[in-house]
Amino acid sequence: MGMMKRIENWIRFRMRSSINRSQRETDLKDEFEAHLAMIIEDRMAEGMTRGQARREALKEFGNVDLAKETCRDVWGFTLFQMMGRSFKGGLRQIFKFPMHSAFILLILVFTIGFNASIYSGVLDYLIRPFNYPDPDRVVVVGKQWKSSGSGVSTISSIDFLDIEEQQKSFEAIGFVDGAAADVRVLGNPRFRSFSYITPGIWEVTAINPMMGRVFTETDIAEQNKVVVISHALWKGEFTPGSRVVGQMLHINGEPHEIIGVMPKEFSVLLNTDTFWLPKVFSEYERSEKSRGRNSNHILARLAGGVSLSQARQELAALYERFLELHPKKRDWSKRAGESYGVSLSKDFLSNNNPALVPLFLGLQAAGILLLLVGCMNMSSLMLAKGVSRLPELSLRRSLGASRMRIFSQLVSENLILFIIGALGSLVMTHWLNVILDSDWMGPKPPVGNSKGLNYEVVLAGLGAAFIAMVFSSTLPAFLISRKSLYQAMGSARSIGTQSVSKNRLQNLLVTGQIALTCLLVLMSGLFYYNISKTTSRDFGIEIENRLGIQLTLPQYRYGGTQKSYDYQENLVENLLQLPNVLNAAISTIRIPLQIDGISNTSFKIKGYSLNADKEYIRTNWYRIQHSFFDTMGVSLLRGRLFNETDTKDSASVAIVSKSAMEYFSEFDIIGSTLQLEGKEYQVVGVVEDTRDYSFMANEPEHTIFFPHRQSPGNGYRSNILVHYRGPEKVLTSEIVKTIGKIDPELEYKIIPMWKSLNDALVMQRVPMIYASIVAVVSLLLASFGLYGLISYTTEQRKQEFGIRKAIGASNANILSRVVKWGMPKIVLGLIAGAVLCAFGAISMQTLLAETSPYQPQVYIAVLFMLSAICSAAIFVPAIRASNANPIDAIRCD
């Protein structure tokens, strides 16, 4: 009870101190005057005059202002009043040095804005690509190959059924089978991607629908025609506010009842599905014949108490059990290094796309380096201002200001700038995210999901900047506590001359920011040089005046492969009638250089034994019309090309690329037999390597071509390649009219070959774009910081320069004093940046596919540019200082 009473009395005392502050100030003044009066009377009684007595009383009493501050501290609740006065003083300092304050604001806004945008992308696309609750328990199950490390690949339907029946490590497991279909809501049908999934996917992802419900095993058993649609399909195709659940969605001409709508954040792995249908396994999918059709994904949720290693052990045991039941496959499985595997869903990207790891780690490092450059700039500017005020602050300290009052003053001045800059950085971050997510920035990596502004990243950046601000504010307060008034005033005489050059911390900050800026600009230059080399390489195919028409031919309308082939050949014949079309051909798999739709498989050569170090031969392959090679400008090296006689009724033939000849050293390649997916093909020709997408990671080195009339396929997806002359826009208009006459409801996309190349280079172009943005911003920050620092220090040395000029110093002498301070730091910073880049570029070698990290022309160009910009940041304020009028400089305050 006594403790509570004391607390109550303490609070009342502090409240009275704050409420009756003016009265207390009057009482405090009267009390001090009364004490002085008593001492004066005692000294006058000793025979002193009133003036002598007052002087002696003041000496005896000590510093009156300091004593008053001590009394005010005892009152408590003085922090707000002290901060209020400090903020007023801070505003005066901001307006007193507007250019210095503007530079700090610009640095803070650019630093936090760009760092938050870049690092938000890293979080969204790599670290947290999915929004599943308890993500450390959501895993991907699939085939695992010896060459893929810990990554898991796709799997067959029969493998899923086996695992689902026997596993005990997962509380929920689901199957994903990607597909595409015509969808009609209003107007013409539109081709949409979707997935057949088992109900277990809903339990694995643990994300509830925003409307309606999801389908269950009962819907599958009763063969209900139901569908769950995505948020994107709901927003894009239905009237806002309308009742969607219960409406019918026509999929490939068949009506399906919409029973639910999933929220925006829902996705199944990386699929951009627009709706989901119940998966019903066919008789073929349940048979052993489908065992090699590895084109599906399995998503599972670990059971409580089961670790990832335990799940791996169980899957390894299940695969061993499979081999015991199929002993003939053991030898091939051992050679290929095949097994069942499992990995965390959040690691799915990095495990299956190794090139993404250096990409996103590089972007993450660039964001951190940019933050460091900004904080160094801000610290050097704030520190320069604080150091220049040491005499003033020391004098205030000696006159009675407490250390807390000095610290509060310095922090408040910088805190105002920090708050304004923080608000500006939020606006900057928002608009940068809008720009970076727009089509104007080009294609995006086919991974992850952008979630917009990430406040955690913004707060982390602001926290780092706040620490730098507090450090820059605290250091001057710490310095004055270690100096006497005489030392501080002595340093005042040297502030304008040598103390700036002797400030080792400030020199280190300036050199460090130049070094980091040099590193970022050099990396950007290397990425740009790599892109220019890649785009100028010989791909073995012609890109100029070529385009592709991407067609979708759903079977429910075209009745299977034969009818779709007839349509494609009819379209080619009509296109050849156009005056600007020189040649055209069918490529049923995909458009060359296209980033999606890539198809590869393994093959054997009849009569040829693989070397012990070879697992199997993997290859990229195409189904093409005979005019493909002429259309794309692919050169024939040996044998013959396809012709119109290569049909399903003739012998199966194939053409291989030049690089595949390494396997035919024992016998003639022409006439050899390839064994692929249970069929045999006779090699009739060899063409030049087309390279295609092979500059990307994990791409097959060889290419095999098959006549589209001989190779099996469903025929619903196809591409027409066109070689044309004249303007691209004119031809595009003619193609639109031609397709509209044949089938006005057909959905298609026209893709120029140059755009396919740009899209294929997304993994190189994205780091180049981001590195360029970071490099430009870092260069701006370094220029702002260096210019602002030199401008401020030369302004502080105005009197010194005026005195020097008055006693005979020339403009060149003044100029050299300023330049001598800055140039050594520029040189050291550039050297350090070049060395850092030489080491750092080694780790980014996978993204520099076409160039070495040691390109002298890039280093020379970047170092020359940075030298010019940094020198300008020094010379401009130096020239202005050397040309100042000495009389005006001497008269300045």
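Residues numbered from 1 in each chain as written. Predicted model: local features only at pLDDT ≥ 70, side-chain atom pairs only at ≥ 80, totals over all residues. Heavy atoms only, no water.

**Student:** Explain the nonpolar core to me, please; I cannot follow it from the model alone.
**Tutor:** Generally speaking, soluble globular proteins have nonpolar side chains that are buried together. Counting residues in each nonpolar core, the largest one holds 73 residues, and the members touching the most others are M378 and L786. Mapped onto this core, the elements with two or more residues apiece are α6 (98-127), α14 (356-388), α16 (403-436), α17 (455-481), α19 (504-535), α25 (762-796), α27 (811-843) and α28 (856-882). Filtering out sequence-adjacent residues up to four positions away, L786 remains in contact with N377, V510, Q513, I514, I826, C870, A873 and I874. The next biggest cluster of nonpolar side chains, apart from the first, holds 24 residues, and it includes V214, F215, F266 and V268. (Core = buried A, V, L, I, M, F, W, Y, C linked by side-chain atoms within 4.5 Å. Buried < 20%, exposed > 50% of the residue type's maximum accessible area, 1.4 Å probe, protein only. Helix = DSSP H or I, 4+ residues; strand = E, 2+ residues; numbered from the N terminus. Contact = heavy atoms within 4.5 Å.)

**Student:** Would you explain helix α7 (residues 157-166) in this entry?
**Tutor:** In an α-helix, one turn spans 3.6 residues; hence positions three or four apart end up facing the same way. Of the positions making up α7, those classed as buried are S157, I158, D159, F160, L161 and I163. At its buried positions, α7 is contacted by β1 (138-144), β2 (170-184), β9 (297-302), α11 (308-325) and β10 (339-344).

**Student:** Even after reading the chapter, I still don't get the pattern of salt bridges, so can you show me in this structure?
**Tutor:** Side chains that differ in charge, positive against negative, can pair when their charged atoms come close. One pass over the full model with this rule turns up 15 salt bridges. E171 is the salt-bridge partner of R137, the closest N and O atoms lying 2.6 Å from each other. Separated by 34 residues along the polypeptide, R137 in the loop between α6 and β1 and E171 in strand β2 bring together distant segments of the chain. Across the salt bridge formed by D162 and R291, the nearest N and O atoms sit 3.0 Å from each other. Within this pair, whereas D162 is found in helix α7, its partner R291 is found in the loop between β8 (275-278) and β9, the two being separated by 129 residues in sequence. A cluster of three or more residues bridged by salt bridges with shared partners is formed by K143, D159, D162, E288, R291 and E338. (Salt bridge = Lys/Arg side-chain N within 4 Å of Asp/Glu carboxyl O.)

**Student:** Just checking my understanding: could you explain a negative patch on the surface for this structure?
**Tutor:** On the surface, E164, E165, E203 and E217 cluster together into a patch of negative charge. Take E165: it is sitting in helix α7. The exposure class assigned to E165 is exposed, which follows from its relative accessible area of 67%. (Patch = residues over 30% accessible without salt bridge, like charges linked within 9 Å, V, L, I, M, F, W, Y side chains within 5 Å. Areas by Shrake-Rupley, 256 points an atom, 1.4 Å probe, with all protein chains shown as cover. Lys, Arg positive; Asp, Glu negative; His and termini not counted. Charge placed at Lys NZ, Arg CZ, Asp CG, Glu CD.)

**Student:** What should I look at first to understand the environment of T474 in this one?
**Tutor:** Among the structural elements, T474 can be located in helix α17. According to the relative accessible area criterion, T474 is partly exposed, its value standing at 31%.

**Student:** What am I meant to see in the packing of aromatic side chains here?
**Tutor:** Aromatic ring pairs are described here by two measures, namely the spacing of the ring centres and the angle between the planes. Under the definition given, this model contains 19 aromatic pairs. Ring centres of W202 and W276 lie 6.5 Å apart, and the angle between their planes is 80°; this geometry places the pair in the edge-to-face category. Residue W202 is located in helix α8 (residues 200-205), and its partner W276 is located in strand β8; the two are separated by 74 residues in the primary sequence. W202 sits in the buried class, given a relative accessible area of 8%. The exposure class assigned to W276 is buried, which follows from its relative accessible area of 2%. One aromatic cluster is present, formed by Y622, F628, F629, F642 and F705 through successive ring pairs. (Phe/Tyr/Trp six-rings, centres within 6.5 Å; stacked < 30°, edge-to-face > 60°.)

**Student:** When you look at the environment of A311 in this model, what are you seeing that I'm missing?
**Tutor:** Along the polypeptide, A311 turns up in helix α11. Separated by 30 residues in the primary sequence, A311 and G341 place their C-alpha atoms 8.9 Å from one another. Sequence-distant contacts of A311, that is, excluding residues within four places in its chain, are made with S169, F170, L302, V306 and V342.

**Student:** Please explain α11 as it appears in this structure.
**Tutor:** The end-to-end C-alpha distance of α11, which contains 18 residues, comes to 26 Å, matching closely the 26 Å that a straight helix rising 1.5 Å per residue would cover. Looking at α11, one finds that the buried residues are L308, A311, E314, L315, L318, Y319, F322 and L323. (Expected span 1.5 Å × (residues − 1).)

**Student:** So what exactly am I meant to see when it comes to the sheet that holds strand β21 (residues 748-752) here?
**Tutor:** Picture the strands of a sheet paired through backbone hydrogen bonds; they go either parallel or antiparallel. The strand order across the open sheet formed by four strands is β12-β20-β11-β21, and the pairing between neighbours is antiparallel. Strands with a single pairing partner mark the edges of an open sheet, and in this sheet they are β12 (581-586) and β21. In this sheet, neighbouring strand axes are inclined to one another by 20° on average, regardless of whether the strands run parallel or antiparallel. Here strand β11 (residues 546-552) runs beside strand β20 (residues 717-724); their pairing, made up of seven bridges, is antiparallel. Note that in β20 the partner of I549 across the bridge is I720. Contacts between helix α23 (residues 728-742) and the sheet are confined to β11, β12, β20 and β21, with β21 contributing the most and set at about 160° to the helix. Relative to β21, helix α24 (residues 753-760) is tilted by about 85°, and along the sheet it contacts β11 and β21. (Pairing = 2+ DSSP bridges. Axes fitted to C-alpha atoms, helices over the stretch in contact; angles between N-to-C directions.)

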